[in-house]
Protein chains: 2
Amino acid sequence: MLGAGNVAHHLAHALVDAGHEISQIYNRSKNAGISLSEQVSSSFTDDIRLIKNNADLYILSVSDKAIEPISKLLNISNKKIVHTAGSVDISILNDAENHGVFYPLQTFSKKRKINFKEVPLCIEASNKEFHDFLLELASQLSDKVANINSTQRRQLHLSAVFACNFVNHLYAIADDLMDKSIPFEILHPLIKETALKAIEMNPEKAQTGPALRNDIESLEKHLELLSSYPEYQQIYKILSEDIYLKNK
Amino acid sequence: MLGAGNVAHHLAHALVDAGHEISQIYNRSKNAGISLSEQVSSSFTDDIRLIKNNADLYILSVSDKAIEPISKLLNISNKKIVHTAGSVDISILNDAENHGVFYPLQTFSKKRKINFKEVPLCIEASNKEFHDFLLELASQLSDKVANINSTQRRQLHLSAVFACNFVNHLYAIADDLMDKSIPFEILHPLIKETALKAIEMNPEKAQTGPALRNDIESLEKHLELLSSYPEYQQIYKILSEDIYLKNK
């Protein structure tokens, strides 16, 4: 396992839980790497020259821009290797005959436990045999394995940024805007229901609120309330306008 | 019950479920009004002059700008009356001695069932006695009753627009951006986990993704993928910038 970030962390645990052995963790920074290697009972190195040569699979779970240089240093031609990135083409690893992608479509934080069986695992492989190898492995970790090519995956990752990172930022803004005398918890049922509604209905059909109704009076009151937050005002305007235009 | 929109619909059902009688539905448009009146076994009128005079409580669940004109036509001085709006001050009803607000903080769609016991009910009243009346009623409908004044409610409603309407619009954008060969369902676990994470952790601490990491390469790829969606490009840029600035 190369990397010890959020994805590497959860993937390594899922592999161990499914009975696999992590033979070694490589990570540039020692703290995170040693911590993960201890959790999954593997050895650790921060020296790329000391990466073991005999693993059944090399999982590159590093930052997008580190994938290529690390793979060059690894001498991967005769290794089975995958990366775990949403926006990086499979071809970045084509120095190896057996290369592929193993992309878990979920938001991971180290501190938060997750049921990996529920995580969609998007796989792609350079050839049929290696595809079957990855499919078998992925199916041991997750009940939701999907064959997704690089073009689809790039598009999926973009959608995920909207549905996860941007959504989470709107939660953070909502929190920031709360009257300090009211705990954020009062919004929890709304946050939950908004998500469940979008899952069970189509999100376009689920829309409600002042922008949809083109309720100019509420919109103006809100913009006034946001007068000391120019960045939120801008976000408010653009999203309200787009809601109105898309639904009218 | 004055109004037959999404809020009126769910509130009327919750009242009936708690053993109350809806004596009459008033609604400007007949179809929605008659449909709701049949569901809750009440009479119906679309003529404001025919509104019954003897209800224990008048619930104005109409559009924000209709609250004042309808209340004027109602001759409310000796009636107990509330509105259900997030952004409208309690004082709009102060022709009545006993006036207040009964604001359910949730997103409602008629077609979707909801457990009203879980809906935060924000109440405000013009006097102590009427407050106790509303508190008693609210507690029969929901386990989450909160005393929220008009200033707090306005702020709360604004936060709710970010955490619900805007969030839902981002889901709709994500759906729109999906490769048509992949079903939107693949994003469901991500949507659910993003919401649960924000509920169980602080949303600021829950953030992940390219904007947080200031991963310029991914950001540029995404903006390029959005080149035929200028409005989404703008949303992408503004939200990414704000994520980066707030977390750096």
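As shown above, the structure is provided for reference.
Student: What am I meant to see in the overall build of chain A here?
Tutor: The number of helices and strands found in chain A is 10 helices and 7 strands. Once the C-alpha set of chain A is aligned to its principal axes, its extents read approximately 65 × 40 × 30 Å. Residues counted as buried form 56% of the 248 residues belonging to chain A. A total accessible area of about 10900 Å² is found for chain A, and carbon and sulfur atoms account for 47% of it. For chain A, the distance from the average site of its 26 positive side-chain charges to the average site of its 31 negative ones is 2 Å.

Student: Whenever I open this one, the sheet that holds strand 7 (residues 145–147) of chain A confuses me. Can you help?
Tutor: What links the strands of a sheet is backbone hydrogen bonding, and the strands pair in either a parallel or an antiparallel sense. All names here are of chain A. Spatially, 3-4-5-6-7 is the arrangement adopted by the 5 strands of the open sheet, whose pairing is mixed. The outermost strands of the open sheet, each flanked by one partner alone, are strand 3 (58–60) and strand 7. For this sheet, the mean inter-axis angle between neighbouring strands, taken without regard to orientation, is 25°.

Student: Explanation requested: unusual backbone geometry in the structure shown.
Tutor: Residue and element names in this part refer to chain A. One non-glycine residue, Asn 75, lies in the positive phi region at around 55°. Structurally, the position occupied by Asn 75 is in the loop between helix 3 (64–74) and strand 4 (80–83). When its relative accessible area of 53% is taken as the criterion, Asn 75 is described as exposed. Of note in the backbone geometry, Asn 214 takes a positive phi value of approximately 50° without being a glycine. Summarising the element assignment, Asn 214 is placed in the loop between helix 8 (210–213) and helix 9 (216–225).

Student: What exactly am I supposed to notice about the environment of Gly19(B) here?
Tutor: When you line up the elements, Gly19(B) lands in the loop between helix 1 (6–17) and strand 1 (24–26). Sequence separation between Gly19(B) and Leu190(B) is 171 residues, and the spatial gap between their C-alpha atoms is 39 Å.

Student: In this structure, what is going on with the side chain of Glu193(A)? I would like to understand it.
Tutor: Within the secondary structure, Glu193(A) is located in helix 6 (residues 188–200). Reaching out from Glu193(A), the side chain makes a polar contact with the side chain of Arg112(B) at a distance of 2.7 Å. Not counting chain neighbours up to four residues away, the residues in contact with Glu193(A) comprise Gln106(B), Thr107(B), Arg112(B) and Ile114(B).

Student: Please clarify how the packing of aromatic side chains should be interpreted in this entry.
Tutor: Taken as a whole, this structure holds 14 aromatic pairs over all chains when the rule is applied. Plain terms: the ring middles of Phe162(A) and Tyr236(B) are 6.0 Å apart, the flat faces sit at 55° to each other, and that makes the pair tilted. Linking Phe162(A) in helix 5 (residues 150–177) with Tyr236(B) in helix 9 (residues 230–247), this pair reaches from one chain into another. Overall, Tyr236(B) belongs to the buried group, its relative accessible area being 1%. Taken together, a centroid distance of 5.1 Å and an interplanar angle of 70° make the contact between Tyr236(A) and Phe166(B) edge-to-face. Of this pair, Tyr236(A) sits in helix 10 (residues 230–247) while Phe166(B) sits in helix 5 (residues 150–177), each in a different chain. Here Tyr236(A) matches Phe166(B) in class, with each residue buried. Put simply, the rings of Phe162(A), Phe166(A), Tyr229(B), Tyr232(B) and Tyr236(B) pair up and form one aromatic cluster. The positively charged end of Lys79(A) is found above the aromatic ring belonging to Tyr58(A), 5.4 Å away from the centroid.

Student: When you look at the relation of the copies chain B and chain A in this model, what are you seeing that I'm missing?
Tutor: A rotation about some axis, followed by a shift along it, carries one copy of the chain onto the other. Between the two copies, chain B and chain A, the superposition gives an RMSD of 0.0 Å; the rotation angle is 180° and the shift along the axis is 0.0 Å. Accordingly, the operation relating the two chain copies is best matched by a two-fold axis. The position closest to the rotation axis in chain B is occupied by the C-alpha of Val167(B), lying 2.6 Å away. A shared binding surface is used by both copies, with 100% of the interface residues of chain B retained as interface residues in chain A.

Student: Would you mind going over the packing of helix 10 of chain A against helix 9 of chain B with me for this structure?
Tutor: Each pair of packed helices can be summarised by the angle the axes make with each other and by the distance between the axes. Look at helix 10 of chain A against helix 9 of chain B: their axes get within 11 Å of each other, and the N-to-C directions meet at 150°. By the angle between their directions, the pair helix 10 of chain A and helix 9 of chain B is classed as roughly antiparallel. You can see that helix 10 of chain A and helix 9 of chain B cross each other, and the crossing is left-handed. Contacts between helix 10 of chain A and helix 9 of chain B involve Glu231(A), Tyr232(A), Gln234(A), Ile235(A), Ile238(A), Leu239(A), Asp242(A) and Lys246(A) from the first element and Glu231(B), Tyr232(B), Gln234(B), Ile235(B), Ile238(B), Leu239(B), Asp242(B) and Lys246(B) from the second.

About the criteria used
- Residues numbered from 1 in each chain as written.
- Chains lettered and ligands numbered in written order.
- Predicted model: local features only at pLDDT ≥ 70, side-chain atom pairs only at ≥ 80, totals over all residues.
- Heavy atoms only, no water.
- Helix = DSSP H or I, 4+ residues; strand = E, 2+ residues; numbered from the N terminus.
- Buried < 20%, exposed > 50% of the residue type's maximum accessible area, 1.4 Å probe, protein only.
- Areas by Shrake-Rupley, 256 points an atom, 1.4 Å probe, with all protein chains shown as cover.
- Lys, Arg positive; Asp, Glu negative; His and termini not counted.
- Charge placed at Lys NZ, Arg CZ, Asp CG, Glu CD.
- Pairing = 2+ DSSP bridges.
- Axes fitted to C-alpha atoms, helices over the stretch in contact; angles between N-to-C directions.
- Polar contact = N/O pair within 3.5 Å; in protein donor to acceptor, adjacent residues only side chain to side chain.
- Contact = heavy atoms within 4.5 Å.
- Phe/Tyr/Trp six-rings, centres within 6.5 Å; stacked < 30°, edge-to-face > 60°.
- Lys NZ or Arg CZ within 6 Å of the ring centre and 35° of its normal.
- Least-squares fit on C-alpha atoms with pLDDT ≥ 70 in both.
- Parallel < 35°, antiparallel > 145°, perpendicular 65-115°, else oblique.
- Left-handed = near helix turned anticlockwise from the far one by under 90°.

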